[in-house]
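Listed below are the residues making up each chain.
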Amino acid sequence: MKPQILLFILLLALTLGACQKDARLHVKKITVTETDPHWNITVSHSAFSFTEPEVQKACTAFNDELTGLVDGIRAIFIEHAQEQIDALATADLHPSSPYELHISDSVFHADDRYISLLVQAYQILGGANGNTEYYALNYDVRQKTFLTPDQLIDITQAPILNDQLRKHLNDPDSCYTFETPALDNCAAVNFTPDTFVFTYAKYTLGPGACGPATIIVPRAHLAKILKIQ
């Protein structure tokens, strides 16, 4: 092989290598613990960053939204806890144990195109059992906009989606007998590069003993009704 051809191939390989970049966002966890005589709060949430300035701006906007959501959940919890404490105090009573709030998140997708994240907030405000609330944050990094479920999926094609949800519900013990899974009763919608993930809160599809439900549908099965690539 001629030296000129070898040199061309080498330069081409170097050029292609330089063009390929790691599109994954950098993710770190921020953890805060707050202990009070009346409640315990633990927060562990993600923070995203990237080397390119424009993508970093989008990450900062997402991080601010996530922090605001977490702070809002915490504030509402403390407000409700204080209301219960005050109500018990009128009867000269006190909570039998500290109230609890635990906030965490799960990252489904994080690159320079999209972020998809699920926030779980578990709280106990008296009683034997706690409750978990779910919040999905889906974000178009390039457009710097948050995406609602109807911007992810063509909701006019709900019958197609609902059919896939029923087919992919993992329920070998026939526990989920309350409602049929659908987009309308779904607590949160997230996505990965290959799947869409639908989260249903406890008591939605079945008794509390069944717990929450997570339905994972391959993107290929929803290709005709997806609004994002």
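Above this text sits the structure in question.
Within each chain, residues carry numbers counting from 1 in the order of the written sequence. The predicted nature of this model means local features are confined to residues of pLDDT at least 70 and side-chain atom pairs, given and counted, to a pLDDT of 80 or more, with totals for whole chains, interfaces and linings taken over all residues. Water and hydrogen atoms play no part in the side-chain values, which are based on all heavy atoms of the structure.

Caption draft 1: Local environment of the packing of aromatic side chains. Pairing of aromatic rings covers Phe, Tyr and the six-membered ring of Trp, with a centre-to-centre limit of 6.5 Å; geometry is then stacked below 30 degrees between planes, edge-to-face above 60, and tilted otherwise. This model, assessed by the stated rule, comprises 7 aromatic pairs. Between Phe 48 and Phe 62, the aromatic rings sit 5.4 Å apart at their centres with planes inclined by 85°, giving edge-to-face as the arrangement. On the criterion of sequence distance, the pair formed by Phe 48 in strand β2 (residues 39-49) and Phe 62 in helix α2 (residues 53-89) is long-range, its members being 14 residues apart. Judged on exposure class, the residue Phe 48 and its partner Phe 62 are both buried. For the pair Phe 62 and Tyr 139, a centre-to-centre distance of 5.4 Å together with 55° between the ring planes defines the contact as tilted. Of the two residues, Phe 62 is situated in helix α2 and Tyr 139 in strand β5 (residues 131-140); the sequence distance between them amounts to 77 residues. The buried label applies to any residue whose accessible area, calculated with a 1.4 Å probe on protein chains only, is under 20% of its type's maximum; exposed applies above 50%, and partly exposed to all values in between. Residue Tyr 139 is classed as buried on the basis of its relative accessible area, which comes to 1%. Three or more aromatic residues joined by ring pairs make a cluster, and in this case those are Phe 48, Phe 62, Tyr 139 and Phe 146. Counting from the N terminus, the helices are the DSSP runs of H or I reaching at least four residues and the strands are the DSSP runs of E reaching at least two.

Caption draft 2: Representation of the sheet that holds β2. Two strands make a pair as long as DSSP finds a minimum of two bridges between them. Spatial strand order, β1-β2-β3-β4-β5-β6: 6 strands in an open sheet with mixed pairing. Two strands close off the open sheet at either side, each with one partner strand: β1 (26-35) and β6 (145-146). When β2 meets strand β3 (residues 99-110), the two strands line up parallel, connected through 5 bridges. In the strand pairing of β3, Ile 41 is matched with Leu 101.

Caption draft 3: Summary view of the pattern of salt bridges. Throughout this description, the term salt bridge denotes a Lys or Arg side-chain nitrogen within 4 Å of a carboxyl oxygen of Asp or Glu. In the structure shown here, the tally under the stated rule is 7 salt bridges. Asp 163 serves as the salt-bridge partner of Arg 166, at 3.8 Å between the closest nitrogen and oxygen. You can see Arg 166 and its partner Asp 163 sitting in helix α4 (residues 158-168), 3 residues apart, about one turn around the helix. Overall, Asp 163 belongs to the partly exposed group, its relative accessible area being 26%. A salt bridge links Asp 163 to Lys 167; the shortest N-O distance between them is 3.2 Å. Of this pair, Asp 163 and Lys 167 both sit in helix α4, 4 residues apart, roughly one helical turn. Classification of Lys 167 as exposed rests on a relative accessible area of 56%. Several salt bridges share partner residues, and in doing so they unite Glu 54, Lys 57 and Lys 144 into one network.

Caption draft 4: Examining the side chain of Ser 46 more closely. Along the polypeptide, Ser 46 turns up in strand β2. A relative accessible area of 1% places Ser 46 in the buried class. Polar contact criterion, stated in full: a pair of N or O atoms within 3.5 Å, where within protein one must be able to donate a hydrogen and the other to accept it, and residues adjacent in sequence count only if both atoms are side-chain atoms. One polar contact links Ser 46 to Lys 29, side chain to side chain, over a distance of 3.0 Å.

Caption draft 5: Fine view of the sheet that holds strand β8 (residues 195-200). Here we have 3 strands laid out as an open sheet, ordered β7-β8-β9, and antiparallel in their pairing. The sheet is open, and its two edges are formed by β7 (188-191) and β9 (213-218), each paired on a single side. Here the strands of the sheet are splayed against their neighbours by 20° on average, with no regard to which way each runs. The pairing of β7 with β8 spans 4 bridges and is classified as antiparallel. Looking across to β8, one finds that Val 189 is bridged to Phe 198. By definition in these notes, contact holds between two residues if any of their heavy atoms fall within 4.5 Å. Only the contacting stretch of a helix is used when fitting its axis, a line to C-alpha atoms as for every element, and angles between N-to-C directions run 0 to 180 degrees. The sheet strands contacting α4 are β8 and β9, and the helix crosses β9 at an angle near 115°.

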